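# Structural overview for review
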Amino acid sequence: MKILVTGASGNLGSAVVETLKARGIAVKAAARDPKRIANGTEVFRFDFADVSTHQAALQDVSGVFLVAPPMDPTAPELLNPFLDAACTTGVNHIILNSAFGVDQNERAPLRIVERHLMELGVAYTILRPNFFMENFSTGFIAPMIGQHSAFFLAADDGRTSFISVRDIAAVAVTAFAERLTGREYNLTGPRAVSRTEVAAIISEAAGKTIRYQPISEEDMLKWARDNGMPEGAVQYMAVLYQAVRAGWTEAVTPDVEQIAGRPSVSFEEFAWLTADVWK
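Owing to the predicted nature of the structure, the values given are computational and were not obtained by experimental measurement.

## Looking at the sheet that holds strand β5 (residues 93-97)
- In spatial order, the strands read β3-β2-β1-β4-β5-β6-β9; together these 7 strands make up an open sheet with parallel pairing. In the strand order of this sheet, the two ends are held by β3 (42-45) and β9 (183-187), each with one partner. Adjacent strand axes in the sheet meet at a mean angle of 15° when their direction is disregarded.
- Against the sheet, helix α3 (residues 75-86) contacts β1 (2-5), β4 (63-67) and β5, and its axis sits at roughly 175° relative to β4.
- Against the sheet, helix α4 (residues 109-118) touches β5, β6 (124-129) and β9, its axis set at about 165° to β6.

Structure representation (C-alpha cells):
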C-alpha cells in the first residue's frame, strides 16, 4: 500500500503524512511547494490547477488522501478532473477531506465533489471535520494572536466543536488500514466551546491574557480582503461564520472515538500541548 497525500505541507496533510509513516504505510507527499515538506518522504510538486502534475503524483499509489484547497468555491472544477484521473491509474481507495455540514446543502462546492466521488465507482471514504483547532496555533488566526494578543472574528457567541488535525489524521489512516469504505464521517472534538472560552483556555495555557473580540461580518471580510484573500474565499468565509452564528457548528459526534479507538482531543489538551507558540 502506498498513499498519495495532497496538501502535504499544510496542517492536515502533514499530520496525515506523519501518521501514515508511524503506521509503516508508504507515502507520497504532494504540494505546490515541495520544499515545505519534511525530509525523509517521497515528495512531488502538485497543483490541482496544473494537470501536468497529476500523473506523476498518481503513479504507483493505491490510495489517495485528498485535501481540498481551503475555502475555494471552484472546488468541483479543480478536484473532479483529478478524481477522474485517479480512477484510471489503479487507485482503489480515495479519502476526501470535505467539511462539516456540507451534506446539508447540495449546492455547496464540496458537496458537489462528494457526489462526484460517490458516483465514480471507486472505493471512497468521506471525512467532514469541523473547524480546526490548529487555526489558532499555525493557521490564519495565529498572526492576530501574535500581533494583538487577541483575535477578531464575526462569530458572536457561537459555539464550535473544534477538532485537532491529529484526530482527523488518525481517522483517515485507520480508514485506509481497515478499508472503511463507502462511509461518511462527521468529525468533531469532544465538546463545543465559544470563542470566548477558547480565549480563556489559550490564556491559561500561554500564561498571558488573550482576548476574543467579536466583530461585524463586514469588518471581518474587510480584514480578509486587506490581507489578500481572493474574493471567492472571502465569500466562503462569510458563509462559514454565518453557520457559526446560527449554531450549526456546535454538534458533537462520536465518530473519532469509534474509529480511532480513543477520545478526541479537547481544546484544553490541544492548548497545553501547543502553548509555546503563544508565549
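## Concerning the pattern of salt bridges
- As enumerated under the stated definition, the model contains 17 salt bridges in all.
- Measuring nitrogen to oxygen at the nearest pair gives 2.7 Å for the salt bridge that ties lysine 222 to aspartate 226. With lysine 222 and aspartate 226 both in helix α8 (residues 217-226), this residue pair falls 4 residues apart, about one helical turn.
- Under the relative-accessibility criterion, aspartate 226 is labelled exposed at 54%.
- With its nearest N and O atoms 3.8 Å apart, the salt bridge here joins aspartate 276 to lysine 279.
- Residue lysine 279 is classed as exposed on the basis of its relative accessible area of 60%.
- Where salt bridges share partners, they join Asp103, Glu106, Arg111, Glu114, Arg115, Arg128 and Glu184 into one cluster.

## Looking at the side chain of serine 203
- As for its placement among the helices and strands, serine 203 is situated in helix α7 (residues 195-206).
- Contacts of serine 203, omitting those with residues within four sequence positions, involve Lys208, Thr209 and Ile210.

## Some words on the side chain of serine 194
- In this fold, serine 194 is placed in strand β10 (residues 193-194).
- Apart from residues lying up to four places away in sequence, serine 194 is in contact with Asp157, Gly158 and Arg159.

## Remarks on unusual backbone geometry
- Positive phi, close to 50°, is recorded for methionine 71, a residue that is not glycine.
- With respect to the helices, strands and loops of the structure, methionine 71 is situated in the loop between β4 and α3.
- Notably, serine 149 is not glycine yet its phi reads approximately 50°, a positive angle.
- Within the element layout of this structure, serine 149 appears in the loop between α5 (142-148) and β7 (150-153).

## Description of the nonpolar core
- Judged by nonpolar contacts, the single largest core of 36 residues is most densely connected at Phe136, Phe151, Leu153 and Phe267.
- When residues of this core are traced back to their parent elements, those giving at least two are α5, β7, α7, α8, α9 (231-245) and α11 (267-274).
- With sequence-adjacent residues up to four places away left out, phenylalanine 136 is seen in contact with Ile141, Ala142, Ile145, Phe151, Phe162, Val198, Ile202, Phe267 and Trp278.
- Listed in part, the 32 residues of the second largest apolar core include Val5, Ile37, Val67 and Ile95.

## As for the packing of α7 against α11
- Where α7 meets α11, the axes come as close as 9 Å, and the angle between the chain directions of the two elements is 35°. Note on packing geometry: the crossing formed by α7 with α11 is right-handed. Residues Val198, Ile201, Ile202, Glu204 and Ala205 of α7 form the contact with α11, whose own contacting residues are Phe267, Glu268, Ala271 and Trp272.

## Some words on the environment of glycine 7
- Take glycine 7: it is sitting in the loop between β1 and α1 (11-22).
- The class of glycine 7 is partly exposed, set by a relative accessible area of 30%.
- Residues glycine 7 and threonine 181, 174 residues apart in the sequence, show an inter-C-alpha distance of 22 Å.
- Setting aside residues no more than four positions away along its own chain, glycine 7 makes contact with Gly13, Ser14 and Ala30.

## What about α9?
- Along its 15 residues, α9 runs 21 Å from first to last C-alpha, staying within 8% of the 21 Å computed at 1.5 Å per residue.
- All buried positions along α9 are accounted for by Ala233, Val234, Tyr236, Met237, Ala238, Tyr241, Ala243 and Val244.
- Residues of α9 that are buried sit in contact with α4, β7, β8 (159-160), α7 and α8.
- The positive-phi residue at the C-terminal boundary of α9 is glycine 247, with phi of around 85°.

Rules used in this analysis
- Residues numbered from 1 in each chain as written.
- Predicted model: local features only at pLDDT ≥ 70, side-chain atom pairs only at ≥ 80, totals over all residues.
- Heavy atoms only, no water.
- Pairing = 2+ DSSP bridges.
- Helix = DSSP H or I, 4+ residues; strand = E, 2+ residues; numbered from the N terminus.
- Axes fitted to C-alpha atoms, helices over the stretch in contact; angles between N-to-C directions.
- Contact = heavy atoms within 4.5 Å.
- Salt bridge = Lys/Arg side-chain N within 4 Å of Asp/Glu carboxyl O.
- Buried < 20%, exposed > 50% of the residue type's maximum accessible area, 1.4 Å probe, protein only.
- Core = buried A, V, L, I, M, F, W, Y, C linked by side-chain atoms within 4.5 Å.
- Left-handed = near helix turned anticlockwise from the far one by under 90°.
- Expected span 1.5 Å × (residues − 1).

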